[in-house]
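An overview of the molecular structure
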Amino acid sequence: MEKRTTSFYVLAAFFGLFVLFLYGPTITIGILSFQGPQGGLTFPMNGVSLHWFRDLFQEQAVGDIWGAFRRSLALGLMVMVSTVVISVMAGLAFRKRFKGSGVLFYLAITSLVIPSILISLGVGLIFNQLGFKIHWATSGFGSQLTWTLPFGLLIMFAVFNRFDRSYEEAARDQGATAWQTIRHVVLPIIAPSLIGVALFGFTLSYDEFARTLLTSGSYNTLPLEIFGMTTNVTTPVIYALGTLTTLFSLLIIGAFLLAAWIMGKRRARAGSDAGQGV
Amino acid sequence: MTDLTGDTPPPETTAAPKRAGHGLGANLLGWLQAAPLTVILVGFLVAPIIMIVIVSFWGATEFSIYPAFQFDNYEFLFGSPVTYRVFLATFKYALITWALTLCIGFTVAYFLAFHVRSQTMQIALFLLCTIPFWTSNIIRMISWIPFLGRNGIANQTLQDWGLIDAPLEWLLYSDFSVILAFVHLYTLFMVVPIFNTMMRIDKSLLEAARDNGASGLQTLRHVILPLTKPGIMIGTIFVVTLVMGDFITVRFMSGSQKANVGRLISNDIALLQYPSAAATAVVLLATVLIIIAVLLRFVNIRKEL
């Protein structure tokens with residue numbers, strides 16, 4: 001192996017600084033959330049306590065954050081499941097040369113690049129004019145899907161671009177029906193990528209702000225609640241909330257990555273189980 | 001890489017006549033599978049855009065909006081010097097953020113792709129860069145306060161070192177903090193596509209360049225950079241559109257002291273002036289789509305995945 005050059009060390013240092021830049025601020029509020037009861041929004045630490053975390057659990061102090069958390073969790077799961085199912089179906093569809101696939105593809109790209117506030121405004125206007133009730137589970141749900149589905153679709157494109165069609169042909173040659181081929185060959189092979197799609201679906205929904213702003217109705221999701229707090233809460237309680245919800249996100253991300261890793265390991269050991277299910 | 005709707009006829013013909021590919025059967029199955037996506041995109045993307053275009057011609061009183069067909073909203077929009085100033089500010093944010101995220105993102109991706117040798121390490125470091133993307137943007141903005149504030153870490157450190165006498169006021173609630181937050185939030189959108197394209201560069205090309213006497217810098221300039229262009233374009237599309245359409249970062253990081261087009265729209269919404277907000281939204285959308293259309297001429301997204 002050849003020796004490391006100077007440029008390696010320079011770039012490694014740059015990378016280290018970049019990671020520090022990414023994580024430093026979050027770690028800072030993580031530390032500051034343990035601020036003493038008299039402490040403020042910046043250093044120095046005025047003692048160390050769990051005071052601000054305790055504040056979070058006394059609901060009257062900061063509004064309905066637990067209700068908001070439950071709603072965000074439910075909405076995240078709804079969006080996650082829908083994103084996986086709809087993306088897989090669309091991914092399968094795009095492998096065929098169906099009429100209108102080009103238009104649909106550019107619609108999906110538009111959905112990705114359109115300023116979020118336009119979705120919020122437009123969906124809000126439609127629901128208002130048609131007299132529908134704006135609610136996070138209807139208008140909010142649909143608006144968030146316009147953000148998560150393009151990501152799911154792009155991942156499916158990446159997956160099917162690398163997909164070896166000979167597995168399917170083998171299944172078909174042995175008499176599998178179209179559905180059996182999908183169920184027992186295609187889905188098992190793409191399963192690890194579906195974990196990725198699910199991760200995007202859940203986390204993007206859980207953190208979504210702009211597309212939910214005018215479409216969630218009278219009950220806030222967690223990001224909306226947190227943003228509301230930034231205008232009227234001036235204590236470290238907001239750091240405590242930030243720390244908790246970031247930890248929750250990290251937990252979810254860790255679980256998904258672990259699942260993908262285990263699946264990859266098992267596959268490496270056992271080989272593909274494609275076709276065994278028939 | 002096969003094009004998804006490419007030249008080979010689709011093998012998925014069990015439900016269709018054998019010669020098919022363009023046949024009704026394949027089309028039908030394709031449509032059925034694409035139906036849920038289509039329904040969502042039509043209902044929550046196309047319809048809202050149409051609605052916004054319609055409402056942009058409506059009129060408004062202080063409390064309500066009423067159907068009409070008038071150009072008042074557009075006349076007001078284009079007649080006001082504020083509009084041009086705000087659009088200019090939006091372009092400025094987009095351009096500066098783009099340049100910074102490109103430099104940082106390219107360097108980070110270059111390090112990951114060509115200097116990290118073990119694949120496990122590559123994946124681990126790549127994930128380290130992507131994890132923040134899956135956490136809350138709002139929290140990540142809030143977390144700059146203890147750093148940039150008047151009594152924040154940055155000011156105190158600089159004062160301790162004797163570099164400044166009084167706290168710098170422009171660290172927080174300024175263009176500086178807005179752009180810092182943009183770079184913080186969106187550099188990832190450059191790193192991922194650039195890294196993705198770099199990983200597909202055939203390593204033997206680099207060896208060939210070196211064997212022919214190219215220096216590291218020459219290889220970078222004449223081999224890697226041209227081959228990375230598609231990734232750079234995709235990253236550019238992401239960063240530019242995210243910054244152009246943003247309103248919350250500008251509002252929060254500037255303490256409501258700076259404006260961009262997104263804030264113009266959200267202010268109108270807050271005042272229930274939906275037709276006026278819709279007109280601004282139409283102009284913003286047209287601007288963004290023109291930029292994307294230009295950028296898409298340089299890259300075929302579906303081939304790059």
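Since we're looking at a predicted model, the values are computed, not measured.

1. Focus: the UniProt feature "transmembrane region" (unreviewed entry) in chain B
Residues and elements named next belong to chain B. Those places that UniProt annotates as "transmembrane region" (unreviewed entry) correspond, in this numbering, to residues 37-60, 93-113, 125-145, 170-195, 231-254 and 274-299. With 79% helix and 8% strand, residues 37-60 has end C-alpha atoms that lie 34 Å from one another. Measuring from the first to the last C-alpha atom of residues 231-254 gives 31 Å, for a span that is 88% helix and 0% strand.

2. Brief notes about the nonpolar core
Nonpolar side chains in soluble globular proteins tend to be buried together. Residues Leu 121 of chain A together with Ala 281 of chain B are the most contacted members of the largest nonpolar core, which totals 147 residues. At 13 residues, helix H8 (residues 175-199) of chain B tops the list of elements feeding residues into this core. Setting aside chain neighbours within four positions, we find Ala 281 of chain B in contact with Leu 118 and Leu 121 of chain A together with Ile 52 and Ile 265 of chain B.

3. Things to note about the interface of chain A and chain B
Listed as interface residues are 81 residues of chain A and, on the opposing side, 83 residues of chain B. Of the residues forming the side of chain A that touches chain B, the biggest block, 15 residues, is contributed by helix H1 (residues 6-32) of chain A. By residue class, the composition of the side of chain A that touches chain B is 52 nonpolar, 20 polar and nine charged.

4. Let's talk about the packing of helix H3 (residues 65-94) of chain A against helix H1 (residues 24-55) of chain B
Relative orientation of the contacting elements H3 of chain A and H1 of chain B amounts to 135°, with a least axis distance of 8 Å. The angle between H3 of chain A and H1 of chain B places the two elements in the oblique class. Here H3 of chain A and H1 of chain B pass one another in a crossing that is left-handed. In this structure, H3 of chain A contributes Ile 86, Met 89, Ala 90, Leu 92 and Ala 93 of chain A to the contact, and H1 of chain B contributes Gly 30, Gln 33, Ala 34, Pro 36, Leu 37 and Ile 40 of chain B. Classifying every residue of the contact of H3 of chain A with H1 of chain B gives nine nonpolar, two polar and no charged.

5. Let's talk about the UniProt feature "transmembrane region" (unreviewed entry) in chain A
All names here are of chain A. In the numbering adopted here, UniProt assigns the feature "transmembrane region" (unreviewed entry) to residues 7-34, 73-94, 103-127, 147-164, 185-206 and 237-262. Along residues 147-164 the backbone is 83% helical and 0% strand, and the end-to-end C-alpha distance reaches 29 Å. The span residues 237-262 is 100% helical and 0% strand by assignment, and the distance between its end C-alpha atoms comes to 37 Å.

6. Topic: the environment of Leu 264 of chain B
Residues and elements named next belong to chain B. Of note, Leu 264 is situated in helix H12 (residues 261-270). Residues Leu 264 and Phe 247 lie 17 residues apart in sequence; the distance between their C-alpha atoms is 8.4 Å. Those residues within four positions of Leu 264 in sequence are excluded, and the remaining contacts are Val 86, Ala 259 and Thr 280.

Reading guide: rules and limits
Residues numbered from 1 in each chain as written. Chains lettered and ligands numbered in written order. Predicted model: local features only at pLDDT ≥ 70, side-chain atom pairs only at ≥ 80, totals over all residues. UniProt positions renumbered as here; feature names shortened; annotations may be inferred. Helix = DSSP H or I, 4+ residues; strand = E, 2+ residues; numbered from the N terminus. Core = buried A, V, L, I, M, F, W, Y, C linked by C-beta atoms within 7 Å. Buried ≥ 20, exposed ≤ 12 C-beta atoms within 10 Å, placed from the backbone. Contact = placed C-beta atoms within 7 Å. Nonpolar A, V, L, I, M, F, W, Y, C, P; charged D, E, K, R; others polar. Axes fitted to C-alpha atoms, helices over the stretch in contact; angles between N-to-C directions. Parallel < 35°, antiparallel > 145°, perpendicular 65-115°, else oblique. Left-handed = near helix turned anticlockwise from the far one by under 90°.

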